[in-house]
Amino acid sequence: MLPSVEMRESYAHAGERFQTVPDLAGRARACRRCPAVVPGSAVVDLPSETRPVLFVGEAPGRRGAARTGRPFDGDTAAARFACLLAAAGLPRAEVALTNAVLCLPLDDRGRNRRPRAAEAAACLPFLTEVLDLVRPRVVAALGAVALAALGRIEPHRLTLKEHVAQPCPWRGVWLMPLYHPAARSAVHRPFRRQLADWRALGEVYRSLTAIANFR
Ligand code: SF4
């Protein structure tokens, strides 16, 4: 069972509809704050209502989200994400997905690259807006880029290495650091341990659901 945390009143209304996603998506695609990302490539695919769990990844990948228009879709990281989500027992329809950097970052040879800190900083207003729209109970930060970006919205002391799969109170919700589903993360965290991390996420989600149903 989770220790008690005072949830924001607004977070109690899961499933509430909102209307401003097309507006956000249009503004993100028109945004040119970052000169080194692919212009107009912002991927915003949010549900039209609040969700209890929000995943924040790094940035769209050229073979995945940037191609399909859906975060964690169409590439090998997406396949691993689906596997981990199943381990957590979370249906994709129950969650919302976004990235710390909405546009596609490529290197000089056209390959995916890690987003720059300046790009994550420039995209913070959009990430804040997504948080306020989706109003999750749990925010799962997938990797160090996402965890650092969230820490710029409201400071925390979490690190991936020390706090992986530990739910911590943050901004009126639970923040849970997890390794990014990309294959490279297995260097730092074997996949079988990542499966256990995501099962822990599922337990947090079910604990919160049980509390909400009890009230
Ligand atoms: S990454 Fe974010 S801040 Fe940068 S250009 Fe794209 S939408 Fe704008």
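Everything numeric in this text was worked out from a predicted model, so none of it was measured.

This part covers the overall build of the protein chain. Within the protein chain, the secondary structure is distributed over 8 helices and 5 strands. Across the 215 residues that make up the protein chain, the buried fraction comes to 43%. In the protein chain, the share of contacts with a sequence separation of at least 24, taken over all contacts with a separation of at least 6, comes to 71%.

On to the nonpolar core, then. In this structure, Ala 100, Val 138, Ala 140, Ala 141 and Leu 178 are the most contacted members of the largest nonpolar core, which totals 64 residues. In this structure Ala 141 touches Val 56, Ala 146, Leu 147, Leu 150, Leu 175, Pro 177 and Leu 178, once residues within four positions along its chain are discounted.

Around the ligand, the structure places 14 residues, and the nearest of them are Cys 31, Cys 34, Cys 103, Ala 122 and Cys 123. Residue composition of the shell around the ligand, by class: 11 nonpolar, no polar and 3 charged.

Detail in the predicted coordinates should be disregarded across regions flagged by low pLDDT. Residue-level pLDDT values for the protein chain average 91, and 89% of them are 70 or greater. Scored below 50 in pLDDT, residues 7–13 makes 11 contacts in the model with residues more than four places away or belonging to other chains.

A few words on the sheet that holds strand β2 (residues 95–99). Within the open sheet, the 5 strands sit side by side as β2-β1-β3-β5-β4. Their pairing is mixed. Every interior strand has two partners, whereas the edge strands, β2 and β4 (168–170), have only one. In this sheet, adjacent strand axes meet at a mean angle of 30 degrees when their direction is disregarded. Sheet analysis places strand β3 (residues 138–142) next to strand β5 (residues 173–178), joined by 5 bridges and oriented parallel. Within β5, the residue paired with Ala 140 across the bridge is Met 176. Along the sheet, helix α6 (residues 144–153) contacts β1 (53–57), β3 and β5; its crossing angle with β3, the most-contacted strand, is approximately 130 degrees.

Every regular strand shows the same layout, with side chains that alternate between the two sheet faces. Most of β3 sits out of view: 5 of its 5 residues are buried. Alternating residues of β3 divide into Val 138, Ala 140 and Leu 142 and Val 139 and Ala 141, and every residue in both groups is buried. Judged from the 4 bridges that link them, β1 and β3 form a sheet pairing that is parallel. From the neighbouring strand, Phe 55 faces β3, where its bridge partner is Ala 140.

What follows is about unusual backbone geometry. Even without a glycine there, the phi angle at Ala 165 is positive, about 65 degrees. Counting through the fold element by element, Ala 165 comes out in the loop between α7 (160–163) and β4. With 20 C-beta atoms counted inside 10 Å, the residue Ala 165 sits in the buried group. Although it is not a glycine, Arg 171 sits at a positive phi angle of roughly 55 degrees.

This part takes up α6. Because each turn of an α-helix spans 3.6 residues, side chains separated by three or four positions end up pointing in the same direction. Along α6, the residues classified as buried are Val 145, Ala 146, Leu 147, Ala 149 and Leu 150. Next to the buried residues of α6 lie β1, α4 (117–122), α5 (124–134), β3, α7 and β5.

What counts, and at which threshold
Residues numbered from 1 in each chain as written. Predicted model: local features only at pLDDT ≥ 70, side-chain atom pairs only at ≥ 80, totals over all residues. Helix = DSSP H or I, 4+ residues; strand = E, 2+ residues; numbered from the N terminus. Buried ≥ 20, exposed ≤ 12 C-beta atoms within 10 Å, placed from the backbone. Contact = placed C-beta atoms within 7 Å. Core = buried A, V, L, I, M, F, W, Y, C linked by C-beta atoms within 7 Å. Near = placed C-beta within 6 Å. Nonpolar A, V, L, I, M, F, W, Y, C, P; charged D, E, K, R; others polar. pLDDT = per-residue confidence, 0-100. Pairing = 2+ DSSP bridges. Axes fitted to C-alpha atoms, helices over the stretch in contact; angles between N-to-C directions.

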